[in-house]
Amino acid sequence: MPFHVEIDSVVNRARVFNLEQEELRRDVLEPWVAGLPFKFAGQGWEPRESRLTVLSSPTLGPDADGDEEDWEEVLRAAEDVTRSLLEAAEQDAPAQLAVVVEADSVEAALQEMRSGQPPRQITWPAAIERLASHDPDVKAVVLVVKPRGLDWPTL
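Residues numbered from 1 in each chain as written. Predicted model: local features only at pLDDT ≥ 70, side-chain atom pairs only at ≥ 80, totals over all residues. Heavy atoms only, no water.

J.: Can you explain a nonpolar patch on the surface? Please cite residues and give values.
T.: Taken together, the side chains of Val106, Leu110 and Met113 present a nonpolar region at the surface, about 240 Å² in accessible area. When you line up the elements, Met113 lands in helix 4 (residues 106-114). Residue Met113 is classed as partly exposed on the basis of its relative accessible area, which comes to 44%. (Patch = residues over 30% accessible without salt bridge, like charges linked within 9 Å, V, L, I, M, F, W, Y side chains within 5 Å. Areas by Shrake-Rupley, 256 points an atom, 1.4 Å probe, with all protein chains shown as cover. Salt bridge = Lys/Arg side-chain N within 4 Å of Asp/Glu carboxyl O. Helix = DSSP H or I, 4+ residues; strand = E, 2+ residues; numbered from the N terminus. Buried < 20%, exposed > 50% of the residue type's maximum accessible area, 1.4 Å probe, protein only.)

J.: I'd love a proper account of helix 1 (residues 21-34), names of residues and values included.
T.: The largest bend in helix 1 is about 35 degrees, located at Val28, with the proline Pro31 one to four residues further on. For helix 1, the complete set of buried residues consists of Leu24, Val28, Leu29, Pro31, Trp32, Val33 and Ala34. Packing partners of the buried residues in helix 1 comprise strand 1 (3-9), strand 2 (13-19), strand 3 (38-40), strand 5 (50-56), helix 3 (82-92) and helix 5 (124-132). (Bend = angle between axes of the 7 residues up to and from the residue. Contact = heavy atoms within 4.5 Å.)

J.: Explain the nonpolar core to me, using residue names and the numbers behind them.
T.: Membership of the largest hydrophobic core comes to 19 residues, with the highest contact counts inside it found for Val5, Ile7, Leu24, Phe40, Leu52 and Val54. For this core, the secondary-structure elements that each account for two or more residues are strand 1, strand 2, helix 1, strand 3, strand 5 and helix 3. No other element matches the five residues that helix 1 contributes to this core. Beyond its immediate chain neighbours, meaning those up to four positions away, Leu52 contacts Val5, Glu6, Ile7, Val28, Leu29, Trp32, Thr82 and Leu86. Phe17, Leu55, Leu60 and Trp71 belong to the second-largest nonpolar core, a separate cluster that totals five residues. (Core = buried A, V, L, I, M, F, W, Y, C linked by side-chain atoms within 4.5 Å.)

J.: Got a sec to walk through the sheet that holds strand 1? Specific residues and values, please.
T.: Across the sheet, which stays open at both edges, the four strands sit in the order 2-1-5-6 with antiparallel pairing between neighbours. A single partner strand is all that each edge strand has here, and the edge strands are strand 2 and strand 6 (79-80). Running over the sheet, helix 2 (residues 68-77) touches strand 1, strand 2, strand 5 and strand 6 and is turned about 55 degrees from strand 2. The sheet strands contacting helix 3 are strand 1, strand 5 and strand 6, and the helix crosses strand 5 at an angle near 105 degrees. (Pairing = 2+ DSSP bridges. Axes fitted to C-alpha atoms, helices over the stretch in contact; angles between N-to-C directions.)

J.: Describe unusual backbone geometry, listing the residues and the values that go with them.
T.: Phi is positive for Ala41, which is not a glycine, with a value near 55 degrees. For Ala41, the position within the fold is in the loop between strand 3 and strand 4 (43-45). Although it is not a glycine, His134 sits at a positive phi angle of roughly 55 degrees. Counting through the fold element by element, His134 comes out in the segment after helix 5. Look at His134 and you get exposed, because its relative accessible area is 67%.

Now the structure itself:
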């Protein structure tokens, strides 16, 4: 059975019908549980500032365009699966940690990291919250990204 999604914020609302589970997981649930801003239905969304509703019901016809009448039709036959899908997505989410190194300068932070003392770990959502709040105590951010292997075409 397909999924029908509504994301609502103070200024925007988007409704998308007939999503497959993989598409829902990739495009909505994963960024939502990570707490990261994401694009969906042509708009930008902040999970902390939005409300998510995921419904499971029969496929809506191809002429469904997200208007109030289509949403009411879905609501009549739907099961609200938002909570269970978010809980499952949280269980499946990789543990993402951030580290905090307290120092007076970038150079001092690098020295601290080389000292062998383990840095203080915080959760990824807590790190995002701290960055989003424009904390004046945050002087620098170092992002370390594991490189992905290149898939070279075979000729």
